[in-house]
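Read off the chains here:
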Amino acid sequence: MRAVLQRVSEASVVVAGDSVGAIGQGLMILLGVEQGDSETDARYLAEKCAQLRIFEDLAGKMNLSVEDIGGELLVVSQFTLLADCRKGRRPGFSRAALPESAETLYRQFVELLRGRGLTVATGVFQAEMQVNLINDGPVTMLLDSRKGF
């Protein structure tokens, strides 16, 4: 499971012209589910996302997590994070989980974050979405559950 975290001052997602999710200060998370991922991967990434200290304290050091600042999260499913671009000019997506299992793990990830008391907005699974954000910093991190255990 892969996640791209962006520290944002605000973010929103629009589907078919309608705003379906919006947050203020917090994290915009793009989440890709890989074949073979499990609830263990979702748990690992949810904990890491909630506790990663990438917000500045009063001294200007990255020392606070989204939990510490009472921030919000916007989670958007993005299978293209599993793209294989090593050969040719067209990315391959054979490593991405099938939609049924990907959606289950995506929803588990969201519920694990909510279970920590965090406010979580989402996109619409498998929909064409327009994501708007103001990246604060900019601060962007890539997490991969298979590299974390």
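Residues numbered from 1 in each chain as written. Predicted model: local features only at pLDDT ≥ 70, side-chain atom pairs only at ≥ 80, totals over all residues. Heavy atoms only, no water.

Moving on, we come to the overall build of the chain. Counting its secondary structure elements, the chain contains three helices and eight strands. Ordering the α and β elements of the chain from the N terminus gives β-β-β-α-β-β-α-β-α-β-β. Computed over the C-alpha atoms, the radius of gyration of the chain is 15 Å, within 12% of the 15 Å expected from 2.2 N^0.38 for a compact globule of 149 residues. In terms of principal-axis extent, the alpha carbons of the chain reach across some 45 × 40 × 30 Å. Looking at the chain as a whole, 41% of its 149 residues qualify as buried. Positive and negative side-chain charges in the chain, numbering 16 and 19 respectively, have mean positions lying 9 Å apart. (Helix = DSSP H or I, 4+ residues; strand = E, 2+ residues; numbered from the N terminus. Rg over C-alpha atoms; globule rule 2.2 N^0.38 Å. Buried < 20%, exposed > 50% of the residue type's maximum accessible area, 1.4 Å probe, protein only. Lys, Arg positive; Asp, Glu negative; His and termini not counted. Charge placed at Lys NZ, Arg CZ, Asp CG, Glu CD.)

Here we come to the pairing of strand β7 (residues 119–122). Across four bridges, the pairing between strand β6 (residues 72–77) and β7 is parallel. Bridged to L73 within β7 is V120. The handedness of the β6 to β7 crossover, carried by helix α3 (residues 99–115), is right-handed. (Pairing = 2+ DSSP bridges. Right-handed = clockwise from strand over helix to strand, strands pointing away.)

The next point concerns the side chain of Q6. Looking at where Q6 falls in the secondary structure, it is placed in strand β1 (residues 2–15). Q6 sits in the buried class, given a relative accessible area of 16%. Apart from the residues lying within four places of it in its own chain, the contact partners of Q6 are G26, L27, M28, L133, N135, V139 and T140. (Contact = heavy atoms within 4.5 Å.)

A few words now on the pattern of salt bridges. This model, assessed by the stated rule, comprises 10 salt bridges. The closest approach of N and O atoms between E67 and R116, which form a salt bridge, is 2.7 Å. Note that E67 is positioned in helix α2 (residues 66–69) and R116 in the loop between α3 and β7, a separation of 49 residues in sequence. The partner of E103 in a salt bridge is R107, and the shortest N-O contact between them spans 2.7 Å. Note that E103 and R107 are positioned in helix α3 at a spacing of four residues, about one turn of the helix. Classification of E103 as partly exposed rests on a relative accessible area of 26%. A single salt-bridge network, built from bridges that share partners, covers E34, D37, R95 and R146. (Salt bridge = Lys/Arg side-chain N within 4 Å of Asp/Glu carboxyl O.)

Grouped together as the largest cluster of nonpolar side chains are 30 residues, with contacts concentrated most on L27, I29, L31, V75, F109 and L113. Within the residue set of this core, elements represented by two or more residues are β1, β3 (26–32), α1 (39–51), β6, α3 and β8 (130–144). Residue contributions to this core peak at seven residues, all from α3. In this structure V75 touches I29, L31, Y106, F109, V110, L113, V120, A121, T122 and G123, once residues within four positions along its chain are discounted. Core analysis: the next-biggest nonpolar cluster, separate from the first, contains 15 residues, V4, A11, L81 and A96 among them. (Core = buried A, V, L, I, M, F, W, Y, C linked by side-chain atoms within 4.5 Å.)

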